[in-house]
Structures are given as structure tokens and as C-alpha cells.
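Coordinates in review
Chain residues, written in single-letter form:
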Amino acid sequence: MNITIPVSAIQAARKLLTRIRFERLKLPVLTHVLATIDAAGLTLAVTDLDHWLETRVPATIDPFQPGRFLIPAEALKAATRADKKGSAHFACETTADGTTLALAVSCGGMPVVTVYHPEPAADFPVRPALEGRISALPKETLMALGTVAGSASTDTTRYVLNGVLFSPDDGGILVATDGRRLAGAPVRFAGREFILPNSAVHVLDHPDFSARDAAILQPEDAENLHVQFRSGPHTLIAKRIEGNYPNYRQVIPGHIPESVTIPEPHKSALISWLRSLVGRSNTVRLTWENVGLLTLTHRDAENTAATIQVPCTIKGQPPAISFGPQYLADALAIGSTLRLSDDLSPGVVTDPSGCYCVLMPCRVVTEAVTEDAA
């Protein structure tokens with residue numbers, strides 16, 4: 001069987017497939033890409049047992065016949081290094097002694113042929129079977145997924161927080177938290193509530209998924225832990241996180257009259273400054289001594305102060321308050337208006353789209369300095 005694939009198509013497919021880190025897996029068969037030929041054409045798939053990711057690619061198959069074979073990770077990578085406007089030619093032959101895969105490409109105009117001996121295709125895991133209702137998932141929902149995902153926990157001891165909550169509440173909402181901040185985004189989602197792990201969110205954040213409307217399939221069997229996303233020629237099947245997500249509504253403050261809005265031209269510079277702050281001191285102090293100016297002060301371990309002033313629109317009398325600079329930067333990436341009540345209560349960064357980020361303040365203890373009596 002001979003298969004010819006444009007190099008550009010292989011490059012695009014590999015960029016998506018490597019969102020699943022199959023090349024680093026220890027089980028040899030999992031470091032391969034499954035190539036399946038059927039009536040739909042050629043499909044490439046990878047899995048790490050928790051995720052199944054596949055994409056259809058354009059190909060010329062001669063002679064055309066249904067079949068399956070494995071492509072070693074190094075062979076797929078080698079194909080992407082061929083001349084961009086050329087094609088990669090795979091010749092697969094199976095005998096009693098095993099399978100031989102020959103890759104022929106052109107590099108710098110010179111022909112290169114490499115022979116591989118992949119694992120048997122029969123040893124590759126079976127694609128998870130799902131039956132259930134398919135619902136539409138607008139591309140705006142997938143874009144919002146990328147907005148809130150940065151607030152999800154990466155602490156493995158808090159496993160239930162290592163993902164994004166899909167909830168049908170209020171017509172649909174996405175929620176992510178790590179205990180220090182909580183991000184939410186209103187979306188269109190009519191399925192059952194579930195938690196999608198960070199690793200699956202990372203795949204869906206790829207433009208191949210988020211650039212168009214998608215579809216979601218949730219199994220009718222509640223014991224089936226998988227959920228499927230399909231966007232054009234791409235499909236992701238992932239295991240959801242088991243467990244009960246915390247009641248996120250309890251940490252969202254009610255009416256907060258005081259607010260500070262930072263104009264967009266100044267916000268990007270402020271975010272860059274906040275993300276540049278490193279060192280043992282992990283707080284930045286927000287004060288409002290000057291009308292129309294937000295003053296942010298950061299002190300490092302040697303008590304050296306770094307200060308920046310940002311023009312802003314202030315309503316009410318917001319309190320002086322401290323936040324973690326990285327957390328504040330991530331929150332401002334979601335919205336431009338910071339709402340505050342007092343220096344111990346959570347602040348909320350909001351956006352006209354309805355996205356928000358609840359931010360826990362840092363408690364700063366100021367030691368009094370006294371002079372010896374004369």
C-alpha cells in the first residue's frame with residue numbers, strides 16, 4: 001500500500017497531535033500514530049489512554065483498500081522536515097515477519113528514503129466507544145474555555161480542581177479555580193455538568209478546534225467517563241474528572257459599588273509589568289492617593305520598592321489592597337474593571353462580555369517602627 005500526503009498537511013496534523021504528549025510515553029506502541037484508511041479517507045490518531053485525538057488528512061492511496069498501520073513518532077517527525085511544497089510517501093508492507101514502513105521524502109531537493117519497523121497495529125488501544133446525545137458547541141464556548149483555563153489548579157493533591165467545570169447553570173457557564181482565584185465565563189452549553197481535565201483543555205485550545213463551531217457528545221451511560229468533542233475533521237475523546245466541584249457561587253461577592261477601570265491602552269503595559277515581578281515577595285499593593293491614578297507598589301526580599309502609576313477611572317472609594325502580581329495579571333487579562341469592597345474581601349475583575357475573575361487578597365502585615373526615646 002502506498003500513501004502520499006502533502007508535507008504541509010503532515011506538519012499541521014503533527015502540531016495538533018503533539019498536544020497529546022504521546023512521543024514521551026513509555027509503552028512503545030503508544031509512541032506511534034495510528035493510520036486508518038476507510039471510506040472517509042486517511043485518519044491519524046494518537047492516545048495516552050486518557051485521551052484519544054484524531055484528525056483526517058488529505059492523502060492519495062494506491063491501491064485504495066481499508067486498513068490500519070502504525071507510524072512511529074520519529075517517522076512522522078521526519079516527514080515534517082521534508083521540503084514544504086513536497087509530499088511524503090509512505091509504503092507499508094506486512095508479511096509474516098512483521099510490518100515494514102518506508103518513508104520517502106525530498107529534503108533540499110535530494111531524495112531521502114528511511115525504513116522503519118513499527119509495532120503491530122493490532123496492539124494499539126481501541127478507540128473508546130460512545131453513544132449519546134450530540135449537542136452544538138459554538139466556537140465562542142471554546143474560546144471562553146481558553147480564557148478561564150489559566151485559573152485552574154495544577155496541584156495534583158487537589159485533583160477535582162485540575163480542570164474546567166462545564167455547567168448548564170444560567171444557560172451555560174465555564175468555571176476554573178485554584179483556590180486563590182476563580183474565573184468564570186457565560187457560554188452556551190446545554191449538556192450535563194462535568195469537569196474537563198487541564199490536559200484536554202490544552203488540546204481544545206488549539207486553533208484547529210476553537211476556530212469553528214464544534215459538537216459535544218456525552219454518553220447516555222453515566223458510568224462512562226468519556227466525553228467527545230468534534231470540530232471539522234478533528235475529534236478529541238477525553239476522560240472527565242470524577243468528583244464534586246466546589247460550590248463556586250459561594251465565593252462570588254454580591255454588589256460592590258467601588259470600581260476601578262483601566263483603559264485598554266494602559267492595561268497591556270500593566271500586565272507585562274506585573275508578570276515581570278519575581279522574587280520572594282509575592283504581593284503588590286494597590287493605592288489611590290492621586291485622583292485618576294492607580295499606584296501599584298512591589299517590594300522585593302531586600303525591601304526595594306518598584307512602583308508604577310496607571311491612569312484609571314475610579315468610582316466610589318476603593319480600599320488599599322494587596323494581590324499576588326501574577327494572579328492580578330491573569331485577572332486583568334480577563335477584564336478591565338476591578339471591583340472592591342474592603343482590603344480583606346475578594347476583588348472581582350469583570351468584563352462587559354460577562355467573564356469575570358474573583359481574586360483573593362493578600363494580607364500584608366506592616367510592622368510599626370519606633371525610635372528610641374532621647
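Look a little higher up for the structure.
These notes cover the structure that comes with them. Since the structure is predicted, the reported quantities are computational estimates derived from the model, not experimental observations.

Here's the deal with the pattern of salt bridges
Evaluated as defined, the whole model comprises nine salt bridges. When the shortest N-O distance is used, the salt bridge between R14 and E23 registers 2.9 Å. For the salt bridge of D330 with R275, the shortest nitrogen-to-oxygen distance reads 2.8 Å. One end of the pair, D330, is in helix 7 (residues 325-332); the other, R275, is in helix 6 (residues 264-276), and 55 residues separate them in sequence. With relative accessibility at 41%, the residue R275 sits in the partly exposed group. One network of salt bridges, with partners in common, ties together D178, R181, R275 and D330.

What about the packing of aromatic side chains?
This structure, assessed with the given rule, holds five aromatic pairs. Between F166 and F189, the ring centres sit 5.5 Å apart and the planes meet at 75 degrees, which makes this aromatic pair edge-to-face. Within this pair, whereas F166 is found in strand 11 (residues 163-167), its partner F189 is found in the loop between strand 13 (181-186) and strand 14 (194-197), the two being separated by 23 residues in sequence. Per residue, the accessibility class of F166 equals that of F189, and both read buried. The rings of F166, F189, F194 and F229 are connected pair by pair, giving a single aromatic cluster.

A few points about the pairing of strand 7 (residues 87-95)
The pairing of strand 1 (residues 2-6) with strand 7 spans five bridges and is classified as antiparallel. Bridge pairing links N2 to A91 in strand 7. Both strand 7 and strand 8 (residues 98-107) contribute to a ladder of seven bridges, which runs antiparallel. Considered in strand 8, the bridge of T94 is made with T99. Counting the residues that bridge the hairpin from strand 7 to strand 8 gives two residues.

Some words on the nonpolar core
If you look at the biggest cluster of nonpolar residues, it comprises 87 residues, and the most contacted ones within it are I71, F90, L196, F229, L274, L286 and L296. Broken down by element, the residue count for this core peaks at six residues, all from helix 1 (residues 7-17). Residue contacts for F90: discarding those within four places in its chain leaves M1, N2, I3, I5, I10, I71, A79, L101, A102 and L103. Counting residues in hydrophobic clusters, the runner-up holds 13 residues, among them L161, I173, Y248 and Y356.

Considering the sheet that holds strand 26 (residues 356-359)
The antiparallel open sheet is built from nine strands, whose spatial order is 14-11-12-13-26-25-24-18-22. Lying at the two open borders of the sheet, with one neighbouring strand each, are strand 14 and strand 22 (313-315). The mean inter-strand angle of the sheet, taken between neighbouring strand axes irrespective of direction, is 20 degrees. Pairing geometry for strand 25 (residues 347-350) and strand 26, over four bridges, is antiparallel. Looking across to strand 26, one finds that G347 is bridged to L359. Taken strand by strand, helix 3 (residues 139-149) contacts strand 11, strand 12 (173-177), strand 13 and strand 14, and its axis lies near 20 degrees from that of strand 12. Most of the contacts of helix 7 go to strand 26, to which it runs at about 160 degrees, and overall it touches strand 13, strand 25 and strand 26.

Here's the deal with the state of the cysteines
Within the structure shown, the criterion is met by zero disulfides. Unpaired in this structure, C357 has its nearest cysteine sulfur neighbour in C355, at a distance of 10 Å.

Examining the environment of A136
The residue A136 is located in strand 10 (residues 132-137) in this model. Through-space distance from the C-alpha of A136 to that of T313 is 40 Å; in sequence the pair is 177 residues apart.

Describing unusual backbone geometry
With an omega of -5 degrees, the peptide bond running from D62 to P63 counts as cis. Within the secondary structure layout, P63 lies in the loop between strand 5 (60-62) and strand 6 (67-72). Unusually for a residue other than glycine, L49 sits at a positive phi of about 80 degrees. Structurally, L49 is set in the loop between strand 3 (41-47) and strand 4 (51-57). Residue D170 is not a glycine yet carries a positive backbone phi of 55 degrees. You can call D170 exposed: its relative accessible area is 69%.

Thresholds, definitions, all that
- Residues numbered from 1 in each chain as written.
- Predicted model: local features only at pLDDT ≥ 70, side-chain atom pairs only at ≥ 80, totals over all residues.
- Heavy atoms only, no water.
- Salt bridge = Lys/Arg side-chain N within 4 Å of Asp/Glu carboxyl O.
- Helix = DSSP H or I, 4+ residues; strand = E, 2+ residues; numbered from the N terminus.
- Buried < 20%, exposed > 50% of the residue type's maximum accessible area, 1.4 Å probe, protein only.
- Phe/Tyr/Trp six-rings, centres within 6.5 Å; stacked < 30°, edge-to-face > 60°.
- Pairing = 2+ DSSP bridges.
- Core = buried A, V, L, I, M, F, W, Y, C linked by side-chain atoms within 4.5 Å.
- Contact = heavy atoms within 4.5 Å.
- Axes fitted to C-alpha atoms, helices over the stretch in contact; angles between N-to-C directions.
- Disulfide = S-S within 2.5 Å.

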